[in-house]
Amino acid sequence: MAGVNASFSLEEGRELLLAGLKPTGRVKIKLAEAPGRILAEPVVAPRSFPPFPRSRVDGYALGLPPAGREVPAGGASGKIYRLVATVAAGSCPAVTLGPGTAAAIFTGARLPEGTMTVIPRELAERQGDLVIVPELPPGGSFMEAAGSEVAAGERVLAAGTELGPAEIGLLAALGLTEITVYRSPRAVLASSGSELVELPGLRGGCPGGRQAGGEAISPVASQVQALGPRIYNSNFYALAAAASRDGARVIPLGPLADELEEQVEAYRKALEEGDVLLTTGGAGGSIRDLTAAAFTGAGGEILFTTIRMRPGRRVIAARRGDKLLLGLPGNPPAALVAYYLLAAPVIRALGGREVLPATFPAVLTAAIDKPRPERAFIWARAWPGTTGWQVAPLPRRPGGIRAAIGANALIDLPAGPAPGAGEEVRVVLLSAGGSQYGLPDNK
């Protein structure tokens, strides 16, 4: 393995993390619990759909045409059929249509035996128990044969498919009540730093964890000034939201003090319960940055400590058996960049999902503010324009907690001069309309 001082490009580091990863297991769940999950095996239709021949319109099911052409009282002309039944959706037709007979029928209703064609109500004229058809529609125009959409035994969904509304609807239409999906990977999340405290009133929300330093904090929001030189554990909530959206089941470990023994013990226990450990803070190179030592003490073998990019340069990666440990920066925007580019692919691979985000060229609508001496990722908003994708860097704000607000993409900038408006850059799409890798809103 690479070792404590190993430095890699983003692609090299990601390749190391993803090597040998596979989904964590399979589980059978109820269909109502399946939205957003990933199929672990192909779905074969247990029955045809529609399961019976049916009408596509409100109208009349017609038997064979009558022998002659008649003109009833009223002057209308055409083929004349005698109504012998009415068939509603959900009912079993109790009639067989013979020559010159018809049944009033409704959309989705099963066709009576002997039906040759169906005509919409507006293309025929009814006079009492007679139906006058000026012109017969082509056979099959307004009816569906059994199995015309899905044949029994047909493979309708492949393994690896994410179950969205359309897929769930298909499975329900086929009568499936349970489905086999990949198990959600268990991501243990921890934040290190003696300056961290849990949100007011939510201390109990981190089972198995503790508040750094053991200080009790008031649940009354108005007393936040009592924190003194401490800050809330915001990274946990940001990364928990991101990991949940990527399909993980988040296990909170809580904020941990800058004490090596405490972190080692916490990480050992975390690896017994989780599939991957994500931490923030303690990834720098100072004597108070303990993540690399804690990972080693918990039995991890260091893969790398530096990724050649900014923000997020200091990332500690280790492996213990088939478990990965990722120490992300403590700076909030840097932690999120490192999560999206390194941790998210790991979680998605463990869940059987498409691993990498979409990347593509886009045209800048505003200039980048300054040159970069090293590869950099800039928070941005991307959208499809009339001639291709466009992207705008987000305005720079003081500090970091608002740096990513409104972003759905990262601009991937190589080292060198700052590109101007109208120049093409590479974009990494992060999110759009609640879907991690879908198309963004056109804004």
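Model, not experiment: these values are computed from the prediction.

Student: What is the right way to read the overall build of the chain from this model?
Tutor: Helix and strand counts for the chain come out as 6 helices and 26 strands. When burial is assessed residue by residue, the chain has 48% of its 443 residues classed as buried. Put simply, 71% of the contacts in the chain that link residues at least 6 apart link residues at least 24 apart. Carbon and sulfur atoms make up 54% of the accessible area of the chain, which totals about 20600 Å².

Student: Looking at this structure, how should I read the nonpolar core?
Tutor: What tends to happen in soluble globular proteins is that the nonpolar side chains get buried as a cluster. Grouped together as the largest cluster of nonpolar side chains are 46 residues, with contacts concentrated most on Leu17, Phe304, Tyr339 and Trp379. Ranked by the residues each element gives to this core, the list is headed by helix α6 (residues 332-350), at 13 residues. Look past the residues within four positions of Leu17 in its chain and what remains in contact with it is Leu303, Phe304, Ala317, Arg319, Leu324, Leu326, Leu342 and Val346.

Student: Honestly, the environment of Leu10 in this entry has me stumped. Any pointers?
Tutor: On the secondary structure map, Leu10 appears in helix α1 (residues 10-18). Distance from Leu10 to Ala338, taken between C-alpha atoms, is 9.6 Å for residues 328 residues apart in sequence. Beyond its immediate stretch of four places on either side in the chain, Leu10 contacts Ile307, Met309, Leu341, Leu342, Arg375 and Phe377.

Student: Sorry if this is basic, but what is going on with the pattern of salt bridges here?
Tutor: Where side chains of opposite charge bring their charged atoms close, a pairing between them can arise. Tallied over the full model, the rule gives 15 salt bridges. Glu12 serves as the salt-bridge partner of Arg308, at 3.6 Å between the closest nitrogen and oxygen. In this pair, Arg308 sits in the loop between β19 (301-307) and β20 (314-320) while Glu12 sits in helix α1, placing the two residues 296 residues apart along the sequence. A salt bridge links Arg348 to Asp246; its shortest N-O distance comes to 3.0 Å. Of this pair, Arg348 sits in helix α6 while Asp246 sits in the loop between α3 (234-245) and β17 (249-256), and the two are 102 residues apart along the sequence. Here the two residues Arg348 and Asp246 agree in accessibility, since each one is buried. Put simply, Glu11, Arg375 and Asp412 are held in one network by salt bridges that share partners.

Student: Help me understand the packing of aromatic side chains in this model?
Tutor: Here a ring pair, both rings aromatic, is described through the centre-centre distance and the interplanar angle of the planes. Considering all chains together, one arrives at 6 aromatic pairs under this definition. Between Phe8 and Phe304 the ring centres are 6.1 Å apart and the planes differ by 70 degrees, which places this aromatic pair in the edge-to-face class. One end of the pair, Phe8, is in strand β1 (residues 7-8); the other, Phe304, is in strand β19, with 296 residues separating them in the sequence. The exposure classification of Phe8 matches that of Phe304, with both residues buried.

Student: Which parts of the structure should I look at to understand the confidence of the model for the chain?
Tutor: In low-pLDDT segments, the atomic positions of the prediction should not be examined closely. With 88% of its residues at a pLDDT of at least 70, the chain reaches an overall mean of 88. Per-residue pLDDT stays below 50 along residues 202-225; that stretch engages in 43 contacts with residues further than four places along the chain or on separate chains. Here residues 432-443 is modelled with pLDDT under 50, and outside its nearest four sequence neighbours on either side it reaches 33 contacts, counting other chains as well.

Student: Even after reading the chapter, I still don't get the sheet that holds strand β9 (residues 125-127), so can you show me in this structure?
Tutor: Where strands meet in a sheet, backbone hydrogen bonds hold them as pairs that are either parallel or antiparallel. An order of β8-β5-β7-β6-β10-β9 is seen for the 6 strands of this open sheet, with the pairing classed as mixed. For this open sheet the edge positions go to β8 (117-120) and β9, each flanked by a neighbour on one side alone. Along the sheet, successive strands turn relative to each other by an average axial angle of 35 degrees, direction set aside. In terms of strand pairing, strand β6 (residues 79-87) meets strand β7 (residues 101-105) through 5 bridges, oriented parallel. Bridging from a neighbouring strand, Val87 pairs with Ile105 of β7.

Student: Is there a simple way to explain unusual backbone geometry in this structure?
Tutor: Note: most peptide bonds trans; most residues except glycine with negative phi. For the peptide bond that leads from Phe49 to Pro50, omega is -5 degrees, which places it in the cis range. With respect to the secondary-structure elements, Pro50 resides in the loop between β3 (43-44) and β4 (54-55). Cis peptide bonds are those with omega within 30 degrees of zero, and the linkage from Arg310 to Pro311 qualifies with -10 degrees. Tracing the backbone through its elements, the reader meets Pro311 in the loop between β19 and β20.

Student: Looking at this model, I keep getting lost on the sheet that holds strand β22 (residues 359-364). Mind explaining?
Tutor: Taking strand neighbours around the barrel as the criterion, the 5 strands line up as β22-β24-β23-β25-β26 in a closed arrangement whose pairing is mixed. Sheet twist, expressed as the average angle between the axes of neighbouring strands with direction ignored, equals 50 degrees. Relative to strand β25 (residues 409-413), strand β23 (residues 376-385) is paired through 5 bridges, and the arrangement is antiparallel. Along β25, the bridge assignment pairs Phe377 with Asp412. Contacts between α6 and the sheet are confined to β23, β25 and β26 (424-429), with β23 contributing the most and set at about 65 degrees to the helix.

Student: Sorry if this is basic, but what is going on with the environment of Pro361 here?
Tutor: In this fold, Pro361 is placed in strand β22. Sequence spacing of Pro361 and Val425 is 64 residues, and the spatial spacing of their C-alpha atoms is 5.6 Å. Each residue touching Pro361, except ones within four places of it in the same chain, is listed here: Trp389, Glu424, Val425 and Arg426.

Student: How should the pairing of β20 be read in this particular structure?
Tutor: Across a regular strand the side chains alternate sides, sitting on one face of the sheet and then on the other. Of all 7 residues that make up β20, 5 are buried, and the element is covered over most of its length. Taken together, the 4 bridges between β19 and β20 define a ladder with antiparallel strand orientation. If you follow Glu301 over to β20, its bridge partner there is Arg319. Counting the residues in the hairpin turn of β19 and β20 gives 6 residues, including Gly312, whose phi is positive at 95 degrees. Bridging between β20 and strand β21 (residues 323-328) involves 5 bridges; their strand directions are antiparallel. Within β21, the position partnered with Ala318 by the bridge is Leu325. Linking β20 to β21, which pair antiparallel, is a turn of 2 residues; within it Gly321 sits at a positive phi near 65 degrees.

Student: It is not clear to me how the side chain of Arg319 should be interpreted in this structure. Could you clarify?
Tutor: Residue placement: Arg319 occurs in strand β20. Look at Arg319: it is buried, it has no salt bridge, and the nearest opposite charge is Glu301 at 7.4 Å. A polar contact of 2.9 Å, which involves the side chain of Arg319, links it to the backbone oxygen of Leu16. Apart from the residues within four sequence positions on either side, Arg319 is in contact with Leu16, Leu17, Ala19, Gly299, Gly300, Glu301, Leu303, Leu324 and Leu325.

Criteria and thresholds
Residues numbered from 1 in each chain as written. Predicted model: local features only at pLDDT ≥ 70, side-chain atom pairs only at ≥ 80, totals over all residues. Heavy atoms only, no water. Helix = DSSP H or I, 4+ residues; strand = E, 2+ residues; numbered from the N terminus. Buried < 20%, exposed > 50% of the residue type's maximum accessible area, 1.4 Å probe, protein only. Contact = heavy atoms within 4.5 Å. Areas by Shrake-Rupley, 256 points an atom, 1.4 Å probe, with all protein chains shown as cover. Core = buried A, V, L, I, M, F, W, Y, C linked by side-chain atoms within 4.5 Å. Salt bridge = Lys/Arg side-chain N within 4 Å of Asp/Glu carboxyl O. Phe/Tyr/Trp six-rings, centres within 6.5 Å; stacked < 30°, edge-to-face > 60°. pLDDT = per-residue confidence, 0-100. Pairing = 2+ DSSP bridges. Axes fitted to C-alpha atoms, helices over the stretch in contact; angles between N-to-C directions. Lys, Arg positive; Asp, Glu negative; His and termini not counted. Polar contact = N/O pair within 3.5 Å; in protein donor to acceptor, adjacent residues only side chain to side chain.

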